[in-house]
Amino acid sequence: MPKRNDLEQKALHYVVNTGYQGVLQSDLWRELGASSREGSRVSIKLEEKGLIRREKELQEGRWTYRLYPKRLPTSIETIVDCPCLLCPDNARCDPTTAISPKSCPRLTDWILGLVKEVLATPEGPSEPSITEDDSVAEGLDQK
Ligand code: SF4
C-alpha cells in the first residue's frame, strides 16, 4: 500500500486532471490501487485542506462521492478564444482611452460566457456527509 502522503499527492493530481468532470471516489481508489478505507480518509483529508470538494452522487443505487478539484491549473485553452488575441484594436486598447477593456462588449460577452460555463458545472462545496465509503472507514477506526 502506498504511503498516505504519496497517496494524497497522487489522488490530488488525478482529481485535478479530471477537471470539471470530477471522478467518482471509488474509481479513483481503484485507479490508484488503494483500499476504500484509505481512499475515504485521503479524500476527507484533501477536502479538509481545501484542495478538493466532494459531492454526493447516486451510482447504480448506491451513494458515493464525486471528487472535484477546487482549483484548476491555468492552461492556454482557457484564453485561446479570448477576443483580444485577434482584435484589430488591440494595439490601441487601453483602460484610459475610448477603446478600453472596461467598456468592450466583445470582452464582456466572452467573460460572461466563461461565467456561464463555470455556473453550469456542479455547485460549490457541500456539507460532508457519511457515505458507504466513509462508514467503512469509521467502522474500521473503532476497532
Ligand atoms: S478589450 Fe476589446 S477592444 Fe480591447 S483588445 Fe480586447 S477585444 Fe479588442
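The rules behind these values
Residues numbered from 1 in each chain as written. Predicted model: local features only at pLDDT ≥ 70, side-chain atom pairs only at ≥ 80, totals over all residues. Heavy atoms only, no water. Helix = DSSP H or I, 4+ residues; strand = E, 2+ residues; numbered from the N terminus. Buried < 20%, exposed > 50% of the residue type's maximum accessible area, 1.4 Å probe, protein only. Contact = heavy atoms within 4.5 Å. Areas by Shrake-Rupley, 256 points an atom, 1.4 Å probe, with all protein chains shown as cover. pLDDT = per-residue confidence, 0-100. Patch = residues over 30% accessible without salt bridge, like charges linked within 9 Å, V, L, I, M, F, W, Y side chains within 5 Å. Salt bridge = Lys/Arg side-chain N within 4 Å of Asp/Glu carboxyl O. Near = heavy atom within 4 Å. Nonpolar A, V, L, I, M, F, W, Y, C, P; charged D, E, K, R; others polar. Core = buried A, V, L, I, M, F, W, Y, C linked by side-chain atoms within 4.5 Å. Pairing = 2+ DSSP bridges. Axes fitted to C-alpha atoms, helices over the stretch in contact; angles between N-to-C directions. Polar contact = N/O pair within 3.5 Å; in protein donor to acceptor, adjacent residues only side chain to side chain.

1. Digging into the overall build of the protein chain
- Summing up its helical and strand segments, the protein chain has 5 helices and 3 strands in all.
- Starting at the N terminus and ending at the C terminus, the protein chain contains elements arranged as α-β-α-α-β-β-α-α.
- Taken over 143 residues, the protein chain has a buried fraction of 32%.
- Long-range pairs, those at least 24 residues apart, make up 60% of the contacts in the protein chain with a sequence separation of at least 6.
- Looking at the protein chain as shown, the accessible area adds up to about 9,800 Å², and 55% of this sits on carbon and sulfur atoms.

2. With respect to the confidence of the model for the protein chain
- Averaged over every residue, the pLDDT of the protein chain is 82; residues scoring 70 or more account for 81%.
- Per-residue pLDDT, averaged within each element of the protein chain, yields its smallest value for helix α5 (residues 132–141) (43) and its largest for strand β1 (residues 23–24) (95).
- Confidence drops under a pLDDT of 50 for residues 124–143, and excluding neighbours within four residues, the segment shows 36 contacts in the predicted structure.

3. A few points about a nonpolar patch on the surface
- On the surface, Ile 76, Ile 79, Leu 85 and Leu 86 cluster together to form a nonpolar patch covering roughly 450 Å² of accessible area.
- Looking at the secondary structure, you find Ile 76 in the loop between β3 (62–69) and α4 (105–120).

4. Digging into the site of the ligand
- Around the ligand, a shell composed of Pro 83, Cys 84, Cys 87, Asn 90, Cys 93, Ile 99, Pro 101, Cys 104, Arg 106 and Leu 107 is seen.
- Residues that form the shell around the ligand fall into these classes: 8 nonpolar, 1 polar and 1 charged.

5. Here's the deal with the nonpolar core
- Within the largest apolar cluster, 15 residues are counted, with the highest numbers of intra-cluster contacts made by Ala 11, Leu 28, Trp 29 and Leu 67.
- Only α1 (4–18), α2 (25–32), α3 (36–48) and β3 provide two or more residues apiece to this core.
- Those residues in contact with Leu 67 that sit more than four places away from it in its chain are Val 15, Thr 18, Gly 22, Val 23, Gln 25, Leu 28, Trp 29, Ser 43, Ile 52, Arg 53 and Arg 54.

6. Considering the sheet that holds β1
- Taken in spatial order, the 3 strands make up an open sheet running β1-β3-β2, and their pairing is antiparallel. Each having just a single partner strand, β1 and β2 (52–59) make up the two edges of the open sheet.
- With 8 bridges connecting them, β2 and β3 associate as antiparallel partners. Looking at the pairing, Glu 55 lines up with Arg 66 of β3.
- Its contacts with the sheet put α3 on β2 and β3, and the angle it makes with β2 is roughly 135°.

7. Some details on the side chain of Glu 8
- Within the secondary structure layout, Glu 8 lies in helix α1.
- We classify Glu 8 as buried; its relative accessible area is 6%.

8. Quick word on the side chain of Arg 54
- Relative to the helices and strands, Arg 54 resides in strand β2.
- In this structure the side chain of Arg 54 is engaged in a polar contact, spanning 3.2 Å, whose partner is the side chain of Glu 47.

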